[in-house]
Amino acid sequence: MNLKLKGLRDALMFGKVLSAGLVVAGYAFLGVWLSNWLATNGWPILVSLCAVPAVAAFGMWQGWLFLTKGSKKK
């Protein structure tokens, strides 16, 4: 019985890690899109270049919060 629950818990954790990876990838794509939009609309190149790591870092932070939110014991 305990072995089945551990396997189910591992499968759920794998799903959470995969989902967090998709969240980070989505934010990275958003950063590239935003950078391109800023560059084509006349923003300074420095702002355009800083958009990608800033949005990707925000996405990694959101992914970390998503992973650690449910795994903490109450």
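Before reading on, note that the structure itself is shown above.
These numbers were taken from a predicted model, which means no experiment stands behind them.

### Things to note about the overall build of the protein chain
Along its length, the protein chain carries two helices and zero strands. Relative to the 2.2 N^0.38 estimate, which gives 11 Å for 74 residues, the radius of gyration of the protein chain is 18 Å and therefore markedly larger than a compact globule would have. Counting only C-alpha atoms, the protein chain reaches 60 × 20 × 10 Å along its principal axes. Taking all 74 residues of the protein chain together, 16% fall into the buried category. Within the protein chain, residue pairs in contact and separated by at least 24 positions form 56% of the contacts whose partners lie at least 6 positions apart.

### Concerning the side chain of Ser-48
Here Ser-48 is to be found in helix H2 (residues 45-71). Setting aside anything within four residues of it in sequence, one finds Ser-48 in contact with Ser-35, Leu-38 and Ala-39.

### Focus on the environment of Thr-40
With respect to the helices and strands, Thr-40 occurs in helix H1 (residues 2-40). At 3.0 Å, the side chain of Thr-40 and the backbone oxygen of Trp-37 are in polar contact.

### As for the side chain of Thr-68
Relative to the helices and strands, Thr-68 resides in helix H2. Judged by its relative accessible area of 17%, Thr-68 falls in the buried class. From its side chain, Thr-68 meets the backbone oxygen of Trp-64 in a polar contact 2.9 Å long.

### Here's the deal with the packing of aromatic side chains
Considering all chains together, one arrives at two aromatic pairs under this definition. Between Tyr-27 and Phe-58, the aromatic rings sit 5.5 Å apart at their centres with planes inclined by 75°, giving edge-to-face as the arrangement. Here Phe-58 lies in helix H2 and Tyr-27 lies in helix H1, a separation of 31 residues in the sequence. Ring centres 5.6 Å apart and planes at 55° place the aromatic pair Phe-58 and Trp-61 in the tilted group. With Phe-58 and Trp-61 both in helix H2, this residue pair falls three residues apart, about one helical turn. Through a chain of ring-to-ring contacts, three or more aromatic side chains come together here, namely Tyr-27, Phe-58 and Trp-61.

Here is what the cut-offs are and how they apply
Residues numbered from 1 in each chain as written. Predicted model: local features only at pLDDT ≥ 70, side-chain atom pairs only at ≥ 80, totals over all residues. Heavy atoms only, no water. Helix = DSSP H or I, 4+ residues; strand = E, 2+ residues; numbered from the N terminus. Rg over C-alpha atoms; globule rule 2.2 N^0.38 Å. Buried < 20%, exposed > 50% of the residue type's maximum accessible area, 1.4 Å probe, protein only. Contact = heavy atoms within 4.5 Å. Polar contact = N/O pair within 3.5 Å; in protein donor to acceptor, adjacent residues only side chain to side chain. Phe/Tyr/Trp six-rings, centres within 6.5 Å; stacked < 30°, edge-to-face > 60°.

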